Amino acid sequence: MAKLILSMETTMLKEIPLIKERTTIGRKPHNDIQIDNLAISGEHAVVITILNDSFLEDLGSTNGTFVNGQSVKKHFLKNGDTIELGKYRLKYVAELPQQTSNADFEKTMILRPGAKPSAPPPAEPAPAVAATPAAAPAPSPAATAPSAQDHSSTSPGMAPAPASAPPPAAAALPLGAIQLLSGGNAGKEMELTKTLTTLGKPGVQVAVIARRPHGYFITHVEGASFPVVNGKALDAQARQLADHDVIELAGIKMEFFLKS
């Protein structure tokens, strides 16, 4: 389980395990991590944790959010990253290896008239590798000698018995996609090929769709109001998407579907 270690200068104040999908940081008491300091905005930033991955988003703070000395709006957290908020520090410690790359998080679809969702880049073909057959071991004398009890040998004119079929492989998760139903880009489609795909209008309403081994999940990230799925507003927890769910986000309707 990942955690944040809060400190000020050289004094460690506390450890915060990231057990929630949304961990808010700010000066106001309702935040999960409250830092009562005038340099910290009332609702300063949020850490979204999905499976073993976490990413940080600044919530339009007055003095900004910094990671390892660099100002950030969105940042995929890696083990050892230090979030800097005024005189306070939050060190991110991940106890499990992370599989998601920063590129997976950066795929964002901006929903505004005239904007065209970018198609995922074509996969590069893997280089061909010539396989060298291994030399077969020489049969032992016992193996070559015929046996009176051996009934599995093939008689002349008879076909060998077919080998047993391998067990069927587990069904892979179908590729998900969204199609815009309203707005200037109505009819456009975007495949959800990344582990994390963010959707919406920054500063208005943003959500993230996570591709997990057992399905696709949508989580609210930014905005006063929560996205709506099939006419019902989300809450702070992730919601699994079903085939043909209709999502309303940042004034745009879109349909989630699974490709066969």
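See the structure shown above.
Residues numbered from 1 in each chain as written. Predicted model: local features only at pLDDT ≥ 70, side-chain atom pairs only at ≥ 80, totals over all residues. Heavy atoms only, no water.

Trainee: I'm lost on the sheet that holds strand E18 (residues 228-229) in this one. Help?
Mentor: Strands pair in a sheet through their backbones, by hydrogen bonds, and they do so in one of two ways: parallel or antiparallel. Taken in spatial order, the six strands of this open sheet run E14-E13-E22-E21-E18-E19, and their pairing is antiparallel. The sheet is open, and its two edges are formed by strand E14 (189-191) and strand E19 (232-233), each paired on a single side. Note that strand E13 (residues 176-180) and E14 share three bridges and pair antiparallel. The residue of E14 that forms the bridge with Ala177 is Glu191. (Pairing = 2+ DSSP bridges. Helix = DSSP H or I, 4+ residues; strand = E, 2+ residues; numbered from the N terminus.)

Trainee: Would you explain the packing of aromatic side chains in this entry?
Mentor: What describes a pair of aromatic rings is the distance from one ring centre to the other and the angle between the planes of the rings. In the structure shown here, the tally under the stated rule is one aromatic pair. Between Tyr216 and Phe256, the ring centres sit 5.4 Å apart and the planes meet at 55°, which makes this aromatic pair tilted. In this pair, Tyr216 is assigned in strand E17 (residues 215-222) and Phe256 in strand E22 (residues 252-258), connecting sequence segments 40 residues apart. The pair formed by Tyr216 and Phe256 is uniform in burial state, with each residue classed as buried. (Phe/Tyr/Trp six-rings, centres within 6.5 Å; stacked < 30°, edge-to-face > 60°. Buried < 20%, exposed > 50% of the residue type's maximum accessible area, 1.4 Å probe, protein only.)

Trainee: Where do I start with the pairing of strand E21 (residues 246-249) in this structure?
Mentor: The two faces of a sheet get side chains in turn, since along a regular strand they alternate between them. Along E21, the buried face is formed by Ile247 and Leu249; none of Val246 and Glu248, which line the opposite face, is buried. Both E18 and E21 contribute to a ladder of two bridges, which runs antiparallel. Considered in E21, the bridge of Val229 is made with Ile247. Bridge count for E21 against E22 is four bridges, and the pairing is antiparallel. Residue pairing in the sheet places Val246 in a bridge with Glu255 of E22. In this antiparallel pair of consecutive strands, E21 and E22, the connection spans two residues, and Ala250 shows a positive phi of 55°.

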